[in-house]
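# Structural description and commentary
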Amino acid sequence: MAAERVDAGPVDPELVRAWVEGWVISRLASPPERTAYGFVLDVGAQPRQVTRHVLPAADEALVRELTGTVTAPGTWIKTFVPEEVIGPWAAPGWAFDDPGFLMSTSLEPVATPVPDGFHLRTWTRGGLTRALVVTDDGTFAARGQVAVPTGAGTAVVDQIETATDQRRRGLGRLVMSTLANEAFAAGARSAVLGATIEGRALYEALGWRTDAPLTGLIYKASAAPKV
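These lines cover the structure that appears in this document, whether it is placed above or below.

Rules of the game
Residues numbered from 1 in each chain as written. Predicted model: local features only at pLDDT ≥ 70, side-chain atom pairs only at ≥ 80, totals over all residues. Heavy atoms only, no water. Phe/Tyr/Trp six-rings, centres within 6.5 Å; stacked < 30°, edge-to-face > 60°. Helix = DSSP H or I, 4+ residues; strand = E, 2+ residues; numbered from the N terminus. Buried < 20%, exposed > 50% of the residue type's maximum accessible area, 1.4 Å probe, protein only. Lys NZ or Arg CZ within 6 Å of the ring centre and 35° of its normal. Contact = heavy atoms within 4.5 Å. Salt bridge = Lys/Arg side-chain N within 4 Å of Asp/Glu carboxyl O.

## Quick notes on the packing of aromatic side chains
Counted according to the given criterion, the structure contains 3 aromatic pairs. With a centroid separation of 6.2 Å and an interplanar angle of 80°, the aromatic rings of tryptophan 19 and phenylalanine 80 are classed as edge-to-face. On the criterion of sequence distance, the pair formed by tryptophan 19 in helix 1 (residues 13-26) and phenylalanine 80 in the loop between strand 4 (75-79) and helix 3 (83-86) is long-range, its members being 61 residues apart. We classify tryptophan 19 as buried; its relative accessible area is 4%. Accessibility expressed as a relative area gives 3% for phenylalanine 80, which makes it buried. Aromatic side chains tyrosine 203 and tryptophan 208 sit 6.2 Å apart centroid to centroid with 50° between the ring planes, which places their arrangement in the tilted category. Across from the ring centre of phenylalanine 184, 3.7 Å away, lies the NZ or CZ of arginine 189, which sits over that ring.

## Re unusual backbone geometry
Phi is positive for leucine 28, which is not a glycine, with a value near 55°. Tracing the chain through its elements places leucine 28 in the loop between helix 1 and strand 1 (33-34). Despite not being glycine, arginine 168 shows a phi value in the positive range, around 65°. When you line up the elements, arginine 168 lands in the loop between strand 10 (154-162) and helix 4 (171-185). For arginine 168, a relative accessible area of 87% puts it in the exposed group.

## Thoughts on the environment of alanine 29
Tracing the chain through its elements places alanine 29 in the loop between helix 1 and strand 1. Under the relative-accessibility criterion, alanine 29 is labelled buried at 14%. Spatially, the C-alpha atoms of alanine 29 and valine 50 are 9.7 Å apart, while their sequence positions differ by 21 residues. Not counting residues up to four positions away in its chain, the partners in contact with alanine 29 are Trp23, Val24, Leu41, Asp42 and Val43.

## With respect to the pattern of salt bridges
Following the criterion strictly, the structure yields 9 salt bridges and no others. Across the pair aspartate 158 and arginine 27 runs a salt bridge whose closest N-O atoms are separated by 2.6 Å. You can see aspartate 158 sitting in strand 10 and its partner arginine 27 sitting in the loop between helix 1 and strand 1, a full 131 residues away along the chain. Aspartate 158 gets classed as buried once you look at its relative accessible area, which sits at 9%. Taken together, the salt bridges that share partners define one network made up of Glu14, Arg17 and Glu21.

And the structure:
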């Protein structure tokens, strides 16, 4: 399924900063280091993603320089420029991740009724709250998590998932509403997330807005031409 085009207008750098600072808590990554062009952080959870560079304002010169000098497999670059724009700028050896979107919303408490036949569990540790929905027999149905950095006004929602056989039962909405309430209780009054094409429809139905495309580039040695 092709991604719907999102115009590449300037993205709010404070929104990007909030997303990065919450994302590192959610994924247990290193504290983000500010650079001249944005942020760099170590992920290291798996060989496929070792280091991530986030570019709030990516132009041709920057992308050509960064993709031409960084040659470590497992390096990712996240930008807010559409794939068709950034593609010609990338050096050989770089491949695209699935298309995504940076989305945000304001927060306010909402009701979270749990459908019959399901149970909701939540727990918080180190600024990260997880929500888990299971069936009566304990089978996984849905999950998600939200990070609220200390003193932050913006929460970061992440890792939203509903089991294939449990979709269209309101469980995604339940998880999102639960996480919104937890973030509001922790002091956040807005939230941001990185959405997939599939997830975007759910978030828009809940009132989230799309702020920018979220384009990922991954360095893969196998993608580079042999010389």
